[in-house]
Amino acid sequence: MKPPHILLIVGGGIAAYKACELIRLIRKAGMTVRCVLTDGGAQFITPMTLAALSENEVFTTLWDLKNETEMGHIQLSREADLIVVCPATADLLAKMAAGISDSLATTVLLATDTPVLAVPAMNVRMWQHAATQRNVAQLRGDGVTVVDPDDGAMACGEYGPGRLPEPVAIMGEIEATLALPSRMHPGQTLPLSGKRVLITAGPTHEPIDPVRFIANRSSGRQGFAIAEAAAAMGADVQLIAGPVHLSTPPGVKRTDVETAREMAAAVDAALPADIAIMVAAVADWRTADAADQKIKKTGGALPVLHLAENPDILAGLARDARRPALLVGFAAETENVIDHARAKLARKGCDWIVANDVSGDVMGGTENAVHIVTAQGVESWSNLPKDQVARRLMEKIADAVR
Ligand code: C5P
């Protein structure tokens, strides 16, 4: 089979230099790449650099007649399996969202039905500006995959979201996007095609009164990454999410809930499933009787919260007549991680426990070191970004249900 071909559009920003490393990684992964460099991009790197790294001619202008006869802009996009815009500047995103075609890059992007992956990089205020956020929402609605920028120190001296993700992470996004079922070539089947996968993610919020609640630090990132990886492997994914600030991964069906009891009901409604992965950090307790009105400070006795136990969704699923063939739980522990995970495997009646030590900043963070505890033994993985943990876990699951 022909290796995937990438059309890389390099926009104007200091992060353009990272596109050079990305070309190396794309080629190392066995793919071919051709570059379009915008006028802005050419202020930061040269066509020569991109041509040398891609070993392909670099295109910069729409008005190059030779290329419009031999290699037109339609052909440029048609030969590609994926168009990657990296770095995607605020200006490029705005033009893409508005359908403006005033350069080779924007004309290619308007004239294509090839999947597009945009990797933004810009100053934090430009990224957070309502106009950029509106454009990103528009593009996502139009089916463009827009990667969230990283947080951190920026070349302009400011700090916050707007940094281009590291090239290795962008490469992961490219591979994930290419593997999406909707982007498949006819006749190709994916490892989880036809499998229904049920995933819970995020925390739950248990109300104390209309304005206060009991919660935990779970961000939902690990569960969402697993949902994304499962969908990329062809599964029909139902994601039941507690309150999180994350966008729905491509191809995933999502139900939002707030409390543990709502999550239990949503899981029940989503059955049957072939595989269930319970990643959510479900609150163990809720207030026995949440107040209807805001509890006031009286200056006298402190309020006392009476707690009630929440349903254990995972344990309930293990006992259910519709129990999925593979039932995976997570265990967030702060000590004796593996011992506690073994005990949990037996107590909950699931098939695997993915255990992690959350004494550091795993909860809410971007990396995770996990141990997969099964009846057969323990497999420990080194610290990895959560999306890589997700992909490895889904590959292991696909092997187990094959
Ligand atoms: O008992 P513990 O909360 O440590 O168990 C963690 C595992 O059980 C996770 O997979 C979590 O999603 C699941 N769980 C659940 N319902 C609860 C508590 C935990 O499904 N009420």
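Rules behind the numbers
Residues numbered from 1 in each chain as written. Predicted model: local features only at pLDDT ≥ 70, side-chain atom pairs only at ≥ 80, totals over all residues. Heavy atoms only, no water. Helix = DSSP H or I, 4+ residues; strand = E, 2+ residues; numbered from the N terminus. Rg over C-alpha atoms; globule rule 2.2 N^0.38 Å. Buried < 20%, exposed > 50% of the residue type's maximum accessible area, 1.4 Å probe, protein only. Contact = heavy atoms within 4.5 Å. Areas by Shrake-Rupley, 256 points an atom, 1.4 Å probe, with all protein chains shown as cover. Lys, Arg positive; Asp, Glu negative; His and termini not counted. Charge placed at Lys NZ, Arg CZ, Asp CG, Glu CD. Domains from an automatic or database assignment. Salt bridge = Lys/Arg side-chain N within 4 Å of Asp/Glu carboxyl O. Polar contact = N/O pair within 3.5 Å; in protein donor to acceptor, adjacent residues only side chain to side chain. Nonpolar A, V, L, I, M, F, W, Y, C, P; charged D, E, K, R; others polar. Near = heavy atom within 4 Å. Pairing = 2+ DSSP bridges. Axes fitted to C-alpha atoms, helices over the stretch in contact; angles between N-to-C directions. Phe/Tyr/Trp six-rings, centres within 6.5 Å; stacked < 30°, edge-to-face > 60°. Lys NZ or Arg CZ within 6 Å of the ring centre and 35° of its normal. Parallel < 35°, antiparallel > 145°, perpendicular 65-115°, else oblique. Left-handed = near helix turned anticlockwise from the far one by under 90°. Core = buried A, V, L, I, M, F, W, Y, C linked by side-chain atoms within 4.5 Å.

Our next topic: the overall build of the protein. Per the secondary structure count, the protein includes 14 helices and 22 strands. Its C-alpha atoms give the protein a radius of gyration of 24 Å, near enough to 21 Å, the size a compact globule of 402 residues would have. By principal-axis analysis of the C-alpha atoms, the protein measures approximately 80 × 55 × 35 Å. Buried residues in the protein amount to 49% of all 402 residues. Taking contacts inside the protein between residues at least 6 apart in sequence as the whole, the part at least 24 apart equals 67%. When the accessible area of the protein is evaluated, it comes to approximately 19,400 Å², of which 52% is carbon and sulfur surface. The protein carries 38 positive and 46 negative side-chain charges, and their two centres are separated by 3 Å.

The next subject is the environment of A29. Residue position: A29 is located in the loop between α1 (16-28) and β2 (32-37). We classify A29 as partly exposed; its relative accessible area is 37%. As for A29 and H371, which are separated by 342 residues in sequence, their C-alpha atoms are 28 Å apart. Beyond its immediate stretch of four places on either side in the chain, A29 contacts M171 and E175.

With that settled, the discussion passes to the domain arrangement of the protein. The domain boundaries assigned to the protein delineate domain 1 (5-178) and domain 2 (196-291 + 300-401). One C-alpha centre belongs to domain 1, the other to domain 2; they are set 35 Å apart. The interface of domain 1 with domain 2 comprises 4 residues on the first partner and 4 residues on the second. Inspection of the region where domain 1 meets domain 2 yields 0 salt bridges. Along the contact surface separating domain 1 from domain 2 lie 0 residue pairs in polar contact (both at pLDDT 80 or more). Looking at the side of domain 1 that touches domain 2 residue by residue, the classes come out as 1 nonpolar, 1 polar and 2 charged.

As a matter of local geometry, the ligand sits amid M278, A280, V282, D284, P311, D312, I313, L314, G329, F330, K344 and K348. Within the backbone of P311, an N or O atom sits 2.8 Å from a nitrogen atom of the ligand. Contact between the ligand and K344: an oxygen atom at 2.3 Å from a side-chain N or O atom of the residue. Contact with the protein chains hides 88% of the accessible area of the ligand, taken as 440 Å² for the molecule alone.

Turning next to the environment of L139. Inspection of the secondary structure assignment puts L139 in helix α8 (residues 130-141). By relative accessible area, which is 2% here, L139 ends up buried. In contact with L139, not counting residues within four places along its chain, are L93, M96, A97, V144 and V146.

This part covers the sheet that holds strand β5 (residues 116-120). Sheet architecture is open: 6 strands sit in the order β3-β2-β1-β4-β5-β6, paired in parallel fashion. The sheet is open, and its two borders are formed by β3 (58-59) and β6 (145-146), each paired with just one other strand. Sheet topology places strand β1 (residues 5-10) next to β2; 6 bridges connect them, and they run parallel. Bridging across to β2, L7 finds its partner in R34. Strands in contact with α1 are β1, β2 and β4 (82-88); relative to β1, the strand with the most contacts, it is inclined by about 175 degrees.

Overall, the coordinates contain 0 aromatic pairs when judged by the stated rule. Against the face of W381 rests R392, its NZ or CZ located 4.4 Å from the ring centre. Its guanidinium or amino end placed over the ring of W352, K396 lies 5.4 Å from that ring's centre, counting from NZ or CZ.

Our next topic: the pairing of β4. The buried count for β4 comes to 7 of 7 residues, which makes it a mostly enclosed element. The pairing of β1 with β4 spans 4 bridges and is classified as parallel. In the strand pairing of β4, L8 is matched with V84. Looking at chain direction, β4 and β5 are connected through 4 bridges and run parallel. When the bridges of β5 are listed, I83 appears paired with V116.

Take the packing of α1 against helix α9 (residues 167-178) next. Each packed pair of helices is defined by two parameters, the angle between the axes and the distance between the axes. Orientation of α1 relative to α9, taken along the N-to-C sense of each, is 50 degrees, at an axis distance of 9 Å. In terms of their interaxial angle, α1 and α9 are classed as oblique. The way α1 lies across α9 gives a crossing that is right-handed. Contact residues: K18, E21, L22, L25 and I26 in α1; P167, V168, I170, M171 and I174 in α9. The class makeup of the residues in the contact of α1 with α9 is 8 nonpolar, no polar and 2 charged.

This part is about the nonpolar core. Judged by nonpolar contacts, the single largest core of 36 residues is most densely connected at I199, I226, V237, I277, L393, M394 and I397. Elements represented by at least two residues in this core include exactly β9 (196-201), α10 (221-232), β12 (236-241), β14 (275-278), β17 (326-333), β18 (352-357), β20 (370-374) and α14 (386-401). The residues touching I199, leaving out its near neighbours within four places in the chain, are G223, I226, A227, V237, Q238, L239, I240, I277 and V279. Core analysis: the second largest hydrophobic core is formed by 29 residues, L37, C86, A121 and I170 among them.

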